[in-house]
Amino acid sequence: MSRFAAPVPGSLRTMTITKHRYRLLFRGLLLDALASSTSVTRFLYAAFLALLCWGLSGRWVVGVVVTAAAVVVIVTHWCVRIRAGLRSGLAIGQTVTTGYTAWGELTVTDVTGTLCLGRGSAASVTRTRDRVIAWLRTTSFVLPTELLTDDDIAFLEGAGEAPAPSAAPVPVLPLELVVTEQVQARVMAAAVRVRARSADVLFPLLTPALLLALTALTRSRIVALAAGFFLLVCIGIYLEARHAARTTSLAKYPVGATIRANVTPDHLVLQSRGGTVHSRWSEFVSRRLTSDAVLLRRDRRRPETTVVLPRELFSERALADLAAAVPRSY
């Protein structure tokens, strides 16, 4: 963690995650995930597949079995993803700290590093009995409800001020880039490639591929219609992933914005108008350098966690430090 990101003493709130709190967080996030539009779409997808299997086999038991298996797969998928997310910062025994820096940014520190947020950096923040979820311009985070007060939430949403006036200027980082249309387009293209080639987009293509192969063998019109339906669903999944990647890139790298960074042997510091992110290199499992961007992968199973940075932001010395800190490439 960078030394200048330390919160001011007296503004700190710290919590160590217990088993009880972990269970509450996991249960709440799982219920939210199952009620999301993504899960509803997947349940409808599973229902259609079950009806198709029932129609082809003529046995209702087959439809029930397929439905039950699909529900188990969907729930298991969310359980794995939520546990993977909680492992980085909210696992049992890990400690999370919030506070304010001397220049008036709200900091969130966990085992992965420090996130410094400026006033109005969150699009919205919701609080429940056990957790707070903040949606930033390009990402979101979850905290136990005790770590953010109502004043903190008002500060993040832009309606409130920091508890004390800034006593120091915001540090200026050594690497600087002004985002142009060309830079924005290159970062957007790299982000779209990451999402479009992920398992979330490619794996659903197996269903229409198998149905098309079955159509060639049976020449069944029902199977052909089903293959066409699932192919349309896959196209929709691809377009949605592409739109999400483009929207995130536009929000994170608007034309004219100034992005600053600092690459050290221990961590990466990234500073934008939304705040400052301090990430430890141990948080990333691999890296990739292209002519357009620098990609840092946190979890190969979750493409949305891949950090996409403009190549122009890094000097040759910074790229060498990055290669030494994250030796594995993909």
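Residues numbered from 1 in each chain as written. Predicted model: local features only at pLDDT ≥ 70, side-chain atom pairs only at ≥ 80, totals over all residues. Heavy atoms only, no water.

**Points about the pattern of salt bridges**
For clarity, the cut-off: Each reported salt bridge corresponds to a side-chain nitrogen of Lys or Arg within 4 Å of a carboxyl oxygen of Asp or Glu. Relative accessible area decides the class of each residue, using a 1.4 Å probe on protein chains only: under 20% of the type maximum gives buried, over 50% gives exposed, and in between gives partly exposed. Each helix is a run of H or I in the DSSP string that is no shorter than four residues. Each strand is a run of E no shorter than two, and both are numbered from the N terminus.
Overall, the coordinates contain nine salt bridges when judged by the stated rule. One salt bridge connects Asp-130 with Arg-131, and the closest N-O pair in it is separated by 3.4 Å. The exposure class of Asp-130 is buried, given its relative accessible area of 12%. We classify Arg-131 as buried; its relative accessible area is 7%. With its nearest N and O atoms 2.3 Å apart, the salt bridge here joins Glu-312 to Arg-186. With Glu-312 in the loop between strand 14 (307-310) and helix 9 (316-325) and Arg-186 in helix 5 (residues 181-196), this pair connects stretches of sequence that are 126 residues apart. Each member of the salt-bridge network shares a partner with another, and the members are Asp-32, Asp-130 and Arg-131.

**Notes on the sheet that holds strand 5 (residues 122-127)**
Inclusion rule: A pair of strands is treated as paired once DSSP finds two or more bridges between them. In this description, a line fitted to the C-alpha atoms serves as the axis of each element, helices being fitted only across the stretch in contact, and the angle between N-to-C directions of two axes falls anywhere from 0 to 180 degrees. Here, two residues are considered to be in contact whenever any of their heavy atoms come within 4.5 Å of each other.
Strand order in the open sheet formed by three strands is 5-6-7, with antiparallel pairing between adjacent strands. The sheet terminates laterally at strand 5 and strand 7 (140-144), the two strands that pair on one side only. With direction set aside, neighbouring strand axes in the sheet form an average angle of 15 degrees. The sheet contact formed by strand 5 and strand 6 (residues 131-136) spans five bridges and is antiparallel. Residue pairing for strand 6: Arg-127 is matched across the bridge by Val-132. Packing against the sheet, helix 1 (residues 19-34) makes contact with strand 6 and strand 7, and its axis sits at approximately 50 degrees to strand 6. Running at roughly 155 degrees to strand 5, helix 4 (residues 150-157) makes contact with strand 5 and strand 6 of the sheet.

**Things to note about the nonpolar core**
Let me state the cut-off plainly: For the purposes of this section, nonpolar cores are sets of buried Ala, Val, Leu, Ile, Met, Phe, Trp, Tyr and Cys residues that join through side-chain atoms within 4.5 Å.
One finds Phe-141 and Leu-156 to be the most contacted residues of the largest nonpolar core, which totals 34 residues. In terms of residue count, the dominant contributor to this core is helix 1 (six residues). Every residue in contact with Phe-141, bar those within four places of it in the chain, is listed here: Val-108, Leu-115, Leu-117, Val-132, Ile-133, Ala-134, Leu-136 and Leu-148. Val-183, Ala-191, Leu-295 and Val-307 belong to the second largest nonpolar core, which has 31 residues in total.

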